[in-house]
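Spelled out from the first residue to the last, the chains are:
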Amino acid sequence: MSLKTSVKKSLRGAIEAVDIYPLVIIGAAIFTLTTMVRIQMDIERDTTAFLFDCIQMSLACMISYSLFSTALFKKLNKSILMSHVSSLSVLLVAFLALFMFSRPTSDAYTRMRVTDIATARIFIWISACFLAYIVFSARKSFSISFFVFLKALAIAFIYGSVLMSGTTGVAGAVQGLLYNDMSEKVYMHLSALVLFTSFTIFIGSFPSLDLEGHDPIRLTFEKKPNFIKILFTNIMIPIIGALTLVLLLWIGKALLGDWPNFNTVMGIVISYAIFGIFLYLMVLPGQDKIGDMYKKLFPFASILILLFGVYAFTRHISQEAFRGQEYYFILVILTSLVIMILMLVKKDKSQNVIPFLVMFSMVVSVLPMIGYHQLPVNLEVDRLASVLEDQGILVDGEIIGNSSIGDDLKGEITESVDYLVYSRDADLPEWLSRDLKEQDYFEDTFGFERTWHKREFNDDYVYLHLRPSSHSIEGYDYAVYLEHSKASFMGEKGWYDLQWINDSPSGIKIYLDDRLILEDYLEDYFIALDQVGSKEGGKIEDLSYKLESDEIDILMVFQYASFRRDDDDSNYAEVKVIYIKEK
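Analysis parameters
Residues numbered from 1 in each chain as written. Predicted model: local features only at pLDDT ≥ 70, side-chain atom pairs only at ≥ 80, totals over all residues. Heavy atoms only, no water. Helix = DSSP H or I, 4+ residues; strand = E, 2+ residues; numbered from the N terminus. Buried < 20%, exposed > 50% of the residue type's maximum accessible area, 1.4 Å probe, protein only. Contact = heavy atoms within 4.5 Å. Areas by Shrake-Rupley, 256 points an atom, 1.4 Å probe, with all protein chains shown as cover. Pairing = 2+ DSSP bridges. Axes fitted to C-alpha atoms, helices over the stretch in contact; angles between N-to-C directions. Parallel < 35°, antiparallel > 145°, perpendicular 65-115°, else oblique. Nonpolar A, V, L, I, M, F, W, Y, C, P; charged D, E, K, R; others polar. Phe/Tyr/Trp six-rings, centres within 6.5 Å; stacked < 30°, edge-to-face > 60°. Lys NZ or Arg CZ within 6 Å of the ring centre and 35° of its normal. Expected span 1.5 Å × (residues − 1). Lys, Arg positive; Asp, Glu negative; His and termini not counted. Salt bridge = Lys/Arg side-chain N within 4 Å of Asp/Glu carboxyl O. pLDDT = per-residue confidence, 0-100.

Draft legend 1. A look at the overall build of the protein chain. For the protein chain, the count of helices and strands is 17 helices and 11 strands. Taking all 583 residues of the protein chain together, 48% fall into the buried category. Restricting the contact set of the protein chain to residue pairs at least 6 apart, pairs at least 24 apart contribute 68%. A total accessible area of about 30,600 Å² is found for the protein chain, and carbon and sulfur atoms account for 60% of it.

Draft legend 2. Up close: the sheet that holds strand S7 (residues 507-512). Pairing is antiparallel across the open sheet formed by four strands, whose spatial order is S5-S6-S7-S8. Of all the strands in the sheet, just strand S5 (486-490) and strand S8 (515-520) have a single pairing partner and so form its edges. Going from strand to strand, the sheet's axes swing by 15° on average, the running direction of each strand aside. Two elements, S5 and strand S6 (residues 495-501), share five bridges in a ladder whose sense is antiparallel. Its bridge partner being in S6, Ala487 is matched across the sheet by Leu498.

Draft legend 3. Just the packing of helix H6 (residues 142-177) against helix H10 (residues 262-282), in detail. Close contact between H6 and H10 brings their axes to 8 Å; oriented N to C, the two are set at 105°. By the angle class used here, H6 and H10 are roughly perpendicular. Of the residues in H10, those touching H6 at Phe142, Ser143, Phe146, Phe147 and Leu150 are Phe278, Leu281 and Met282. Residues of the contact of H6 with H10, tallied by class, amount to seven nonpolar, one polar and no charged.

Draft legend 4. Molecular detail of the packing of aromatic side chains. Under the defined criterion, the tally for this structure stands at 34 aromatic pairs. Both rings, one in Phe262 and one in Phe313, keep their centres 6.5 Å apart while their planes meet at 45°; by these two values the pair is tilted. One end of the pair, Phe262, is in helix H10; the other, Phe313, is in helix H11 (residues 289-317), with 51 residues separating them in the sequence. An angle of 50° between the planes, with centres 5.0 Å apart, marks the rings of Tyr525 and Phe558 as tilted. With a gap of 33 residues between them, Tyr525 in helix H17 (residues 523-530) and Phe558 in strand S10 (residues 552-564) connect regions that are remote in the sequence. By the ring-pair criterion, three or more aromatic residues cluster together here, those being Phe262, Phe313, Phe322, Tyr327, Tyr328, Phe329 and Tyr372. Here the basic side chain of Arg315 rests over the ring of Trp259, its NZ or CZ set 4.2 Å away from the ring centre.

Draft legend 5. Seen up close, the side chain of Ser416. With respect to the element layout, Ser416 can be found in helix H15 (residues 407-421). With residues up to four places along the chain from it excluded, the contact list for Ser416 reads Arg323, Glu380, Arg383 and Leu384.

Draft legend 6. Representation of helix H7 (residues 185-204). Relative to the 28 Å expected for 20 residues at 1.5 Å per residue, H7 spans 29 Å between its end C-alpha atoms, a close match to the ideal helical length. Every buried residue belonging to H7 is among Lys185, His189, Ala192, Val194, Ser198, Thr200, Ile201, Phe202, Ile203 and Gly204, and all of these are buried.

Draft legend 7. A look at the environment of Lys509. Residue placement: Lys509 occurs in strand S7. Residues within four places of Lys509 in sequence aside, it is in contact with Asp497, Leu498, Gln499, Ile501, Leu516, Leu518, Glu519 and Tyr521.

Draft legend 8. Quick look at helix H12 (residues 324-346). Along its 23 residues, H12 runs 33 Å from first to last C-alpha, staying within 8% of the 33 Å computed at 1.5 Å per residue. Following H12 by one or two positions, Lys347 adopts a phi angle in the positive range, close to 55°.

Draft legend 9. Geometry of the side chain of Glu326. Mapped onto the fold, Glu326 is located in helix H12. Look at Glu326: it is buried, it has no salt bridge, and the nearest opposite charge is Arg323 at 6.3 Å. Excluding residues that lie within four positions of it along the chain, Glu326 makes contacts with Phe262, Phe313, His316, Ile317 and Ala321.

Draft legend 10. Seen up close, the pattern of salt bridges. A complete count under the given rule lists eight salt bridges for this structure. Arg38 is the salt-bridge partner of Asp53, the closest N and O atoms lying 2.8 Å from each other. A residue pair is termed long-range when its members are at least 10 positions apart, and Asp53 in helix H3 (residues 47-75) and Arg38 in helix H2 (residues 22-41) qualify at 15 residues. The residues Asp53 and Arg38 share a single accessibility class, namely buried.

Draft legend 11. Main features of the environment of Ile508. The residue Ile508 is located in strand S7 in this model. Using a relative accessible area of 0% as the deciding quantity, one classes Ile508 as buried. For the pair formed by Ile508 and Leu498, sequence separation is 10 residues and the distance between their alpha carbons is 7.3 Å. The residues contacting Ile508, other than those within four sequence positions of it, are Gln499, Trp500, Ile501, Leu518, Glu519, Asp520, Leu547, Ile554, Met556 and Ile578.

Draft legend 12. Highlighting the pairing of S8. Of the pairings in the sheet, the one linking S7 to S8 comprises five bridges and is antiparallel in character. Bridged to Ile508 within S8 is Asp520. The loop that links S7 with its antiparallel partner S8 comprises two residues; one of these, Asp513, has a positive phi angle of about 50°.

Draft legend 13. Molecular detail of the confidence of the model for the protein chain. When pLDDT is averaged along the protein chain, the result is 83, and 87% of the positions lie at 70 or above. Element-level pLDDT for the protein chain is lowest in helix H1 (residues 3-20), with a mean of 59, against a maximum mean of 94 in helix H13 (residues 354-364). Low pLDDT, under 50, characterises residues 106-110; the predicted model gives this stretch seven contacts beyond four residues in sequence or across chains. Long-range and interchain partners of residues 454-459, a stretch whose pLDDT sits below 50, account for 12 contacts in this model, where long-range means more than four residues apart.

Draft legend 14. Spotlight on the pairing of S7. Relative to S7, S6 runs antiparallel, the two sharing six bridges. Following the sheet pairing, Trp500 is matched in S7 by Ile508.

Draft legend 15. Layout of unusual backbone geometry. Even without glycine at this site, Asp514 takes up a positive phi of about 70°. As for its position among the elements, Asp514 is in the loop between S7 and S8. By relative accessible area, which is 70% here, Asp514 ends up exposed. Notably, Leu522 is not glycine yet its phi reads approximately 65°, a positive angle.

Here it is in structure tokens:
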């Protein structure tokens, strides 16, 4: 097929999509229009922004649902009019639910926007609708329909990238050659229009919903090109086979005592399972020996690796808390395990169950009481209450300060409280006020300041961030604030140029009339910082550093500083202000 023919076909498909999926295209057009209005009016943080959030999210709900319902009603031989009516009902219900029940609570840290849990539920709804569309638009199997969906997405991405490059290139030429004062909003408007065009190409790339298979275009679209077959079968399967062997050896090494970081274990195990399931679907259906061998052996190997992930999880939970990250880890691992078992029992037929399992786990993650926003919080509240009661800090639902407990316990309490008070969408007990995120309120309540455990990240990472505090600057002549890591000013002795070295290791150079009078890479500061430890909030004494030369004395105050032990090149700090005294 020539390039010209391919382009015509894609554009024709985009036009035909209006007839097949009218509410999808109309909804996308309105979504694009509201986006352009937001861009033009600079709507970001006020009540109007909340209204636009509700409108756009409800439109996204309708668009995804209309796509799915069109395929569903077509499969059930029902009137498409019923699909349109139900889609408009979804739009109305979604908007009212968002506008009436998704307002953020009064919080100085929260801008006027739809709550996080509502946003998460909208995302899950959209994802589930797209998955349901793939299921109900399938003529033969889910794997073929999934491939068609990915193929349409790839086509839209290619055309969208070309359109984006071309339109922004022309706009850049106009700005550079004809109208230098052109607003950057032009590029934003162009981006919105290109995204809409790409979306219509994406929808138009879907083959018709002729589920009986009479459409020759659909039959052609479902066929995998030879290079795709070679990519999946002859390249990816050997790669994942070699990776499986490496992972099994790695598991053996871990079980013998060389235990890796928990996040590393979870990342590797989950990535392996997800990619393996994707590859399993891509080699279905297939009769080649390599693909058949993979379909037989992968579920066994994956179950072993996932069981190791379960063991790592239980080992971690016995020592640490169960929070949001852990919630998602175990949810994905358990869902993957069920899928692997189905692959062994149902074999190729398991592909039609996989999307429903994925949808079920996604929906579970945002349900009341057992969702990611509430279940980990409830467990953490119970754990924190138990710790506080054992120490006599929580008595009859009231916190009584106690500064005599050890630093490890202070760190445990601090991290637990911080996790809970920043969980915006969860209900907390009355004795746990969200005002505890304030340093002074926390210290007044518990009788000690927030204390943080040292965290190990490969080379024992240490990080300090400046918290609100004061410091005497008596005796200094100038306060210098840098811009783009540089500053210049005229002093009594001449012209000063300051250069902050913004790489690792950080440092400073100061010139007086082009003569270098001070240069330092903060080695002594980071040696002293190593004794302080890692805190979320740092005192100004921990984040300030004095230097002297023959011509000047300086006091630097850092916004934050960080480093990894045994790696001097990782020393990094961001300077907030530099005080200078001339001699």
